[in-house]
Amino acid sequence: MPILGKARQQEWETVWKTLSGMRALFAGDPEELGLNTLLDNIQQFILEQFRKADAGKPAVWYNIGYGPPLIYALGDVNNVPLAEMSALCSIIGDQADTEALIDASEAAGYSAECCSADKAGIGAVVKGLYPEPCCIVGINTPCDSQVAAFQAMAELRNRVPVFPVDAPSYDDERTLKYIAGQLGEMIPFLEQNTGRKMDWDRLKEVCETINRTSEWLWQWMEWRSLSPTRQPSKLCAFTMVLVIALLGSPWGENIARGLAEDARNKAQGGVNYFDEQVRAIWYQDPVWWDIQLYDWMEAELGLVIPMDVFGFYASEGLIDTKSKDSILFGLARLMVNCGPMSRQFRINIKRYIDDFMHLHKRFHADCGIMAGHIACKHAWGGIGLFKEACKKAGIPLLVFEFDMFDSRILTRKELQFELRRFVNEIVIPQKQRKAGKS
Amino acid sequence: MEKTEILNQWSALLKSSRPESAVNSGRPVVGYFCSFIPPELLLAGNLYPLRLTGLGVDDSSSGDAYLSHLTCSFVRHVTAAVLDGHYDYLAGQISVNTCDHVRRANDVLVAKSELGYHGFLTIPRSFRESLFPWYLEELTRLKASLESHFQVRITDQGLNQAIAQTNQARERIKSLDLMRRADPPRLSGAELLTITVAARILPPWEFVQTADHLLSALKDSEPIKNIRARLVLTGGPLDDPAFIRAIESQGVHIAGDLFCFGTRGLGLEVEQNDRPLESLARAYLYQTPCARMMSEFPRRYQDLMNLYRDCRAQGVIFQRIKFCQLWSGDAHNLRHRFQENPVPLLVLDREYGTVSTGQIKTRVQAFLEKLGA
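Residues numbered from 1 in each chain as written. Chains lettered and ligands numbered in written order. Predicted model: local features only at pLDDT ≥ 70, side-chain atom pairs only at ≥ 80, totals over all residues.

For chain A, the count of helices and strands is 18 helices and eight strands. For chain A, the C-alpha radius of gyration of 21 Å lies close to 22 Å, the compact-globule estimate for 438 residues. A burial count over chain A gives 58% of its 438 residues as buried. Considering only contacts in chain A between residues 6 or more positions apart, those separated by 24 or more positions represent 77%. (Helix = DSSP H or I, 4+ residues; strand = E, 2+ residues; numbered from the N terminus. Rg over C-alpha atoms; globule rule 2.2 N^0.38 Å. Buried ≥ 20, exposed ≤ 12 C-beta atoms within 10 Å, placed from the backbone. Contact = placed C-beta atoms within 7 Å.)

Structure follows, in structure tokens:
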């Protein structure tokens, strides 16, 4: 299916066809406000990317962890997150395409042990699915895989100029000021390589958009924290997509508002779409390769995910737009303390565990599910201490190895087996014992 | 002393879980994890710097339990060594945000070991000059933390003295490296790794004394013969000479190396001046970068190519420990460069703590055939 009247690569056309089909299927359904807003705004974002690419506008590539606000503020510059095709093919298009991209990167010598989000992204680079970059920017959060992917992007694209932001492993003001200083340094770099001048008034508008988006996301989390949670579990993880690709854009704000209003409508409507038996904090990566699995969890097990680590958007305050310095400081804080994963993995394991305990309490969870994306070395490296903390708190924890973008590591059937056994043999009996005691 | 006697002595040192020099030094022994930590800082505080390894530790179970089997086996071995009491003579440890694995090992050591002191540094991931003050400040904070915990004073004079002592050790290593690079060489790659690891366990003055004996002994030693190919070895951390021995058993001579525990990091020279901490920071930050540095692959590649040329090598072997994503990225980038600038490349993944001799030999034999050696 052509995009903007032009034939595109098969992977893009598949995404576009599915996206258009889903839009047609769900349009006008008031029960699908959240999903519709999400799909509509992703579609708008993709269209804009193609418009800019067709018009020869400069493109800036970046890795997971780096947010797009500075790029949005440059005006007609294309922001291209490396993991874009990983997410689009898996969530919307054809999962087989994601796995083909993963295979393409490995065939090109990229390590099988790196994160599949990056592997599929590198595969997309190898297959020429992204507009050519004028420069590459990035950050070393959330993980080593980002460091490797950043360097591989640069190497594969004729060593275009790069600018990495160094995010230290501390949680203090000194660190945020250091990162803010680097964002300030990055601006002339972006200006030089894109040929666009930074418009500080536009950056201020971008930050105000981010502030409104943040407030919607916080409201959304509040509605989802109610028990029972009536908005589907499968909508939980999309904060991550928003933060990586759309933060600071009207599309991002629309998605956050749509999700919040949908959650509010459903909570106030009082209609239960599934029989909630067990509430779990899904801690680690979502099952992007089969998002319908969440429907199965709700329908078959009564297992609801009110929040996961990709959905959690921490309350670190709004960006103060009164000066250039305060804007850069706010953006730095947002990038490393609000963004899913970057927040939990950048510093020591205590933050990771504390956030889990916070979510567990705030979202009235019965248990935790550590969906161990095999490439997440910081998460696996913390597994012993995390298990001990859960045991001490009396929180049942399911841990399994899988891959968020590659269904070949742990299949749907195997995953269903793990979940069924955990819910029916561990969590529900424990809840019954507790209910009996009280 | 004969060459063999000295090398045997150092081989035993590498395998010893309680090196006498450290245990009987009378100084608090502080283990450290990464090449970005200047041991001079510890020496100047009358502390004993000991580069942490997992050599001689067969069982990594306690490290595996906390860090999972999906993390680097080197880091798991070191963690297990500390948790299981192999390092019970340590007064503390210093970690760095080298990689996700080391960061998590630090979390485990802080939570579960009985060590009295834990230092932590976060090092910039780029050589941009604007980031240098951060690293200098990190060293300044580490200095203050060591002074406070161990009740010592680290003065500029003490730092300059430690720099002078460590520079002497580095000079000896450079001389020994020339003996390894020579054609024909008088030291094998495995022997040189024994030396460079020993240099990270011994205090510099003790190392220098023995290294001088070795340099004298080498003048009269027999050169190594029957070399089929001279290669350069690069990649991630490698502290086990047995790995190189397995490669060299096939007629290879590792004429040059560029990896952690090898000569990388020992090639730098630190200036003695009235701002010795800054001098240390400059030398250590701008050393040949490891793969954790986000924008420095071009420099790393250039340093590797210079080494390749200087060693008159015929190919490159790249090794890394399984699950290390940073160095796996480098392997990808090297392959990419070598498509443009053809250099024969063999990539070997390995596990720490065991040398898969048979597999290595087979891979090296095939590589030699490809080279026509």
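This brings us to the confidence of the model for chain B. The predicted model of chain B has a mean per-residue pLDDT of 96, with 100% of residues at 70 or higher. For this predicted complex, the interface confidence comes out at an ipTM of 0.96, alongside a pTM of 0.97. (pLDDT = per-residue confidence, 0-100.)

All names here are of chain A. Over its 22 residues, helix α2 (residues 33-54) extends 31 Å from the first C-alpha to the last, a length consistent with the 32 Å expected when each residue adds 1.5 Å. Those residues of α2 lying buried are Leu33, Gly34, Leu35, Asn36, Thr37, Leu38, Leu39, Asn41, Ile42, Ile46 and Gln49. Looking at the buried side of α2, the elements it contacts are α1 (10-26), β2 (78-81) and α11 (250-269). Phi turns positive, to about 75°, at Gly56, one or two residues after α2. (Expected span 1.5 Å × (residues − 1).)

A few words on unusual backbone geometry. Following Thr141 of chain A, the chain continues to Pro142 of chain A via a peptide bond in cis, the omega torsion being 0°. A cis geometry characterises the amide bond from Asp183 of chain B onward to Pro184 of chain B, with omega recorded as 5°. Within the secondary structure, Pro184 of chain B sits in the loop between α8 (156-181) and α9 (189-198). Positive phi, normally seen in glycine, also occurs at Ser68 of chain B, with a value near 75°. Inspection of the secondary structure assignment puts Ser68 of chain B in the loop between α4 (61-67) and α5 (73-83). Of the residues examined, Ser68 of chain B has 22 C-beta atoms within 10 Å and is grouped as buried. Residues other than glycine seldom take positive phi values, yet Asn226 of chain B does so here, at roughly 55°. Structurally, Asn226 of chain B is set in the loop between α10 (204-219) and β5 (229-235).

What follows covers the sheet that holds strand β1 (residues 29-32) of chain B. The strands making up a sheet associate through backbone hydrogen bonding, with each pair oriented either parallel or antiparallel. All names here are of chain B. Ordered by their spatial adjacency, four strands build an open sheet running β2-β1-β3-β4, and the pairing between neighbours is parallel. The open sheet has two free edges, formed respectively by β2 (48-51) and β4 (117-121), since each of these has just one partner strand. Ignoring which end each strand starts from, the neighbouring axes of this sheet average 25° apart. Two strands pair when backbone bridges link them, and strand β3 (residues 90-96) and β4 are joined in this way by five bridges, in the parallel orientation. Across the sheet, residue Ile94 finds its bridge partner in β4, namely Gly119. The sheet strands contacting helix α6 (residues 100-112) are β3 and β4, and the helix crosses β3 at an angle near 150°. (Pairing = 2+ DSSP bridges. Axes fitted to C-alpha atoms, helices over the stretch in contact; angles between N-to-C directions.)

Here the focus is the sheet that holds strand β8 (residues 345-350) of chain B. Residues and elements named next belong to chain B. The four strands lie next to each other as β6-β5-β7-β8, forming an open sheet whose pairing is parallel. Edge positions in the open sheet fall to β6 (252-258) and β8, since each of these has one partner strand only. Taken pair by pair, the neighbouring strands of this sheet meet at an average axis angle of 30°, ignoring direction. Pairing geometry for β5 and strand β7 (residues 315-321), over five bridges, is parallel. Its bridge partner lying in β7, Gly235 is registered against Gln319. Against the sheet, helix α13 (residues 297-310) makes contact with β5, β6 and β7, and its axis sits at roughly 145° relative to β6, the strand it touches most.

Before going further, it helps to spend a moment on the environment of Tyr178 of chain A. On the secondary structure map, Tyr178 of chain A appears in helix α8 (residues 173-194). Sequence separation between Tyr178 of chain A and Ala332 of chain A is 154 residues; the distance between their C-alpha atoms is 8.8 Å. In this structure, Tyr178 of chain A is in contact with Pro168 of chain A together with Trp134 of chain B, ignoring residues within four places of it in sequence.

Residue and element names in this part refer to chain B. Topologically, Val29 is positioned in strand β1. Looking at Val29, the number of C-beta atoms within 10 Å reads 20, which means it is buried. For the pair Val29 and Tyr87, spaced 58 residues apart in sequence, the C-alpha separation works out to 9.6 Å. Apart from residues lying up to four places away in sequence, Val29 is in contact with Ala22, Tyr48, Leu50, Tyr89, Leu90 and Ala91.

What follows deals with the interface of chain B and chain A. With 37 residues of chain B at the contact, the number on the chain A side is 37 residues. Of all the secondary structure elements, the ones that give two or more residues to the side of chain B that touches chain A are α4, α6, α13 and α14 (325-340) of chain B. Counting residues per element, the side of chain B that touches chain A draws most heavily on α14 of chain B, which supplies nine residues. Of the residues assigned to the side of chain B that touches chain A, the class counts are 16 nonpolar, 14 polar and seven charged. (Nonpolar A, V, L, I, M, F, W, Y, C, P; charged D, E, K, R; others polar.)

The next subject is the nonpolar core. Core analysis: the biggest nonpolar cluster contains 275 residues, and Val60, Ile179 and Ala332 of chain A together with Val232 of chain B have the highest contact counts within it. Leave out the neighbours within four places in its chain, and Ile179 of chain A touches Val165, Ala167, Ala332, Met335 and Val336 of chain A. (Core = buried A, V, L, I, M, F, W, Y, C linked by C-beta atoms within 7 Å.)

All names here are of chain A. Across the eight residues of helix α10 (residues 239-246), eight count as buried, placing the element largely inside the fold. Taken together, the buried positions of α10 are Thr239, Met240, Val241, Leu242, Val243, Ile244, Ala245 and Leu246. In this structure, the buried residues of α10 make contact with α2, β2, α4 (84-92), α9 (200-224) and α11. Immediately beyond the C-terminal end of α10, within one or two residues, lies Gly248, with a positive phi of roughly 100°.

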